[in-house]
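Residue strings, one per chain:
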Amino acid sequence: MIPSCCCSLTPSSSSTSIAKFISDQPYLTMLEKQCTTMKDLQKIHANLIKTGLANHTIASSRILAFCASPAGDINYAYLVFTHIQNPNLFTWNTIIRGFSQSSTPQNALYLFIHMLTSSPIEPQRLTYPSVFKAYTQLGLAHDGAQLHGRIIKMGLQSDPFIRNTILYMYMNCGFLSEARRMFDKDKEFDVVAWNSMIIGLAKCGGIDESRRLFDKMQFRNTVSWNSMISGYVRNGKLMEALELFGKMQEKRIEPSEFTMVSLLNACARLGALKQGEWIHDFVRKNDFELNVIVTTAIIDMYCKCGNIEKALQEFEAAPKKGLSCWNSMILGLAMNGCEKEAIQLFSMLQSTNLKPDSVSFIGVLTACNHSGMVDEARLHYRAPEIYSLLNDLGLVLQETELV
């Protein structure tokens, strides 16, 4: 049974009172300090339900916060949310933010509208950034612009968090004139906003305007440099990307793994093996994590630069082989005259717990095509996965077209 003094605690209570309440409840302490997976959460939640504590405002909000986090399960979070009587502002913000970062951001908008129309709780400054993120995810900047009007009426347009997410929405959705108007009007934008402009302009082909903004920045962080380098690569200005990395090194700015991936992609597209080897050596010497993205970029660079032996060496040594690593290696082998090896590697992929995708099948069919292995091509063409893929694309061919 929960002591009556504990039940009087509300989210507006002091952080000291909340901390004491949590420390007095073993399962809440476990939730705060030991819960790392949904399996852990469900066990703790079950015990909180048994004790009757699950309905307490602090307990339910903590459960919801974990479920709505990247380590949680947003559908479970919504189930928890629906069982909370009279959700407070923290609860609404948590569930809206969780959905805005999920694969179903439209639910964040539904909940926001429900909050406006059916709840006595009014949205506040921390509610709106998540809503604009949801509009961004869905590419609905036109609808987001209406909410922008509400923000202006409420006098919240100067809030940096709200302002930055609105700007990012406009840039990410290609509403360049709205973004420029907003950016030019306000002289107090921080580095996050400047970076959003650089990324958005580069994404929409305005790479020269991106560079002008980059050069005007009084303060640049690592993201600024990464954004400009990746923008150059995206727009095919590969030498400019490598030159800017040189300047980044002169200023002793530490690059991130995203910088390395962009530079490896630039070297791959240039066929610049020496520069690619230097970048790869830089990755090794600076102890960058060889995650799937970095490993794939290294393999792809060596394949496209014609050093298939080195690509195979990196593939075999990779600590983590994601599907993209397999696909790059299969395509690399197929394009470098190693068709039989590509087909063998595809067979090995099929024996793993990874499921081949469209790129995998394109790789093996490319190998079959280059080697004249029609029977092998027919075998893969009949695979349900490739048939379904081609059918979805309206590209189902007659078998005679494979010959």
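Draft legend 1. Quick peek at the packing of aromatic side chains. Inspection of the entire model under this criterion finds 14 aromatic pairs. Ring centres of tyrosine 78 and phenylalanine 81 lie 6.4 Å apart, and the angle between their planes is 25°; on these two criteria the pair is classed as stacked. On the criterion of helical spacing, the pair formed by tyrosine 78 and phenylalanine 81 is a turn pair, its members being three residues apart in helix α6 (residues 74-82). Among the residues examined, tyrosine 78 registers a relative accessible area of 37% and is labelled partly exposed. Classification of phenylalanine 81 as buried rests on a relative accessible area of 7%.

Draft legend 2. Quick peek at the environment of valine 233. Here valine 233 lies in helix α15 (residues 222-234). Taking relative accessible area as the criterion, valine 233 reaches 7% and is therefore assigned buried. Taking the C-alpha atoms as reference points, valine 233 and leucine 263, 30 residues apart in sequence, are found 7.7 Å from one another. Not counting chain neighbours up to four residues away, the residues in contact with valine 233 comprise Leu238, Ala241, Ser262, Asn265, Ala266 and Arg269.

Draft legend 3. Region of the structure containing the nonpolar core. Judged by nonpolar contacts, the single largest core of 109 residues is most densely connected at Leu41, Ile95, Ile96, Phe132 and Met329. Once you skip the residues sitting within four places of it in the chain, methionine 329 turns out to touch Ile299, Cys303, Ile308, Ala311, Leu312, Phe315 and Leu345.

Draft legend 4. A look at the packing of helix α12 (residues 176-185) against helix α13 (residues 191-203). Contact pair α12 / α13: the axes reach a minimum separation of 12 Å and the direction vectors enclose 155°. Here α13 runs roughly antiparallel to α12, going by the angle between their axes. Like other packed secondary-structure pairs, α12 and α13 cross with a definite hand, here left-handed. On α13, the residues touching Leu176, Ala179, Arg180 and Phe183 of α12 are Ala193, Trp194, Met197 and Leu201.

Draft legend 5. Region of the structure containing helix α14 (residues 207-216). What α14 keeps buried is the set Ile207, Ser210, Arg211, Leu213 and Phe214. End-on, the buried residues of α14 take up no more than an arc of 160°, which puts them together on one face. Every exposed residue of α14 that faces more than 90 degrees away from the buried side is listed here: Arg212 and Lys216. Against the buried residues of α14 lie α12, α13, α15 and α16 (238-250).

Definitions and limits used
Residues numbered from 1 in each chain as written. Predicted model: local features only at pLDDT ≥ 70, side-chain atom pairs only at ≥ 80, totals over all residues. Heavy atoms only, no water. Phe/Tyr/Trp six-rings, centres within 6.5 Å; stacked < 30°, edge-to-face > 60°. Helix = DSSP H or I, 4+ residues; strand = E, 2+ residues; numbered from the N terminus. Buried < 20%, exposed > 50% of the residue type's maximum accessible area, 1.4 Å probe, protein only. Contact = heavy atoms within 4.5 Å. Core = buried A, V, L, I, M, F, W, Y, C linked by side-chain atoms within 4.5 Å. Axes fitted to C-alpha atoms, helices over the stretch in contact; angles between N-to-C directions. Parallel < 35°, antiparallel > 145°, perpendicular 65-115°, else oblique. Left-handed = near helix turned anticlockwise from the far one by under 90°. Arc of directions from axis to C-beta.

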